[in-house]
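Below, each chain spelled out in residue letters.
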Amino acid sequence: MSETNIETPHAEEEEETLFVLDTTCKEDVNRTHEMPFEGRTVPITFKYDTPRELPFALAIKFLKTPSFVCTDEEGTPIPFDGIPKQPGELQAGEELQLQPNEVVAKLDELTVDALVLRANVLPDGEKLNKRSGKDNLIAFIVDKTTEQNAANTRSEGGEDEFTPPALDDGLVA
């Protein structure tokens, strides 16, 4: 698999980058991960103990996985406690529980930075940044979340096709 040059459509503009370290790399073995980015899947190869500079919108996708460390150019780790689970992401029987530092808020109450983070972790979210504007960020998040929730609740056959098993009551027809 060949390494693809990762460039964004606005390469001439100053774009924020982060540095990503794959902590699972071994000294003698590089690790390649394929990530969706800009409408295609790109291979990203990591070397042992060597952070990889990536566009913010791509690097942020690695931040969700504990085996990756994202830093700024000074090496300061980017804090990420995760994005609170949304009701559509709960497993059967799981209840929505807010942590003491969490509140329920409308998207338009969030900062542009918070909206960019939430958009960037969604599929195709790497296309958005601070310049996208608050209204576009919110519309994208709502659309993608609605799509994901619909996909999570849709059965493959359309209608619920569950048929309970027949009971063996000993009667012969």
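Here the structure is a predicted model, which means the values were calculated and not measured. Every chain is numbered on its own, with residues counted from 1 as its sequence reads. Owing to the predicted nature of the model, reporting of local features is limited to residues with pLDDT of at least 70; listing and counting of side-chain atom pairs is limited to 80 or more, with chain, interface and lining totals taken over all residues. Each side-chain value is worked out from all heavy atoms of the structure, with water and hydrogens disregarded.

A.B. asks: In this structure, what is going on with the pairing of strand E1 (residues 17–22)? I would like to understand it.
C.D. replies: Burial analysis of E1 places five of its six residues in the buried class, which makes it a mostly covered element. In terms of strand pairing, E1 meets strand E4 (residues 52–55) through four bridges, oriented antiparallel. Across the sheet, the residue bridging to Phe 19 is Glu 53, located in E4. Here four bridges tie E1 to strand E5 (residues 68–71), and the two strands are oriented antiparallel to one another. Think of it in three bands: residues with accessible area under 20% of the maximum for their type are buried, residues over 50% are exposed, and the middle band is partly exposed, with areas taken using a 1.4 Å probe on protein chains only. Numbering goes from the N terminus for both helices and strands, where a helix is a DSSP run of H or I of at least four residues and a strand is a run of E of at least two. Strands qualify as paired when DSSP identifies two bridges or more between them.

A.B. asks: Quick question: what am I supposed to make of the packing of aromatic side chains here?
C.D. replies: Two aromatic rings, taken as a pair, are described by how far apart their centres are and by the angle between their planes. Planes of paired rings set the category: under 30 degrees apart is stacked, over 60 is edge-to-face and the rest tilted, where pairs are Phe, Tyr or Trp rings (Trp by its six-membered ring) whose centres lie within 6.5 Å. What the rule picks out here adds up to three aromatic pairs. Ring centres of Phe 46 and Phe 62 lie 5.4 Å apart, and the angle between their planes is 80 degrees; on these two criteria the pair is classed as edge-to-face. One end of the pair, Phe 46, is in strand E3 (residues 40–46); the other, Phe 62, is in helix H1 (residues 56–62), with 16 residues separating them in the sequence. For Phe 62, a relative accessible area of 3% gives the class buried. Phe 46 sits in the buried class, given a relative accessible area of 0%. Through successive ring pairs, a cluster of aromatic residues spans Phe 46, Phe 62 and Phe 68.

Note that every value here comes from positions in space, so none of it alone points to a role or purpose.
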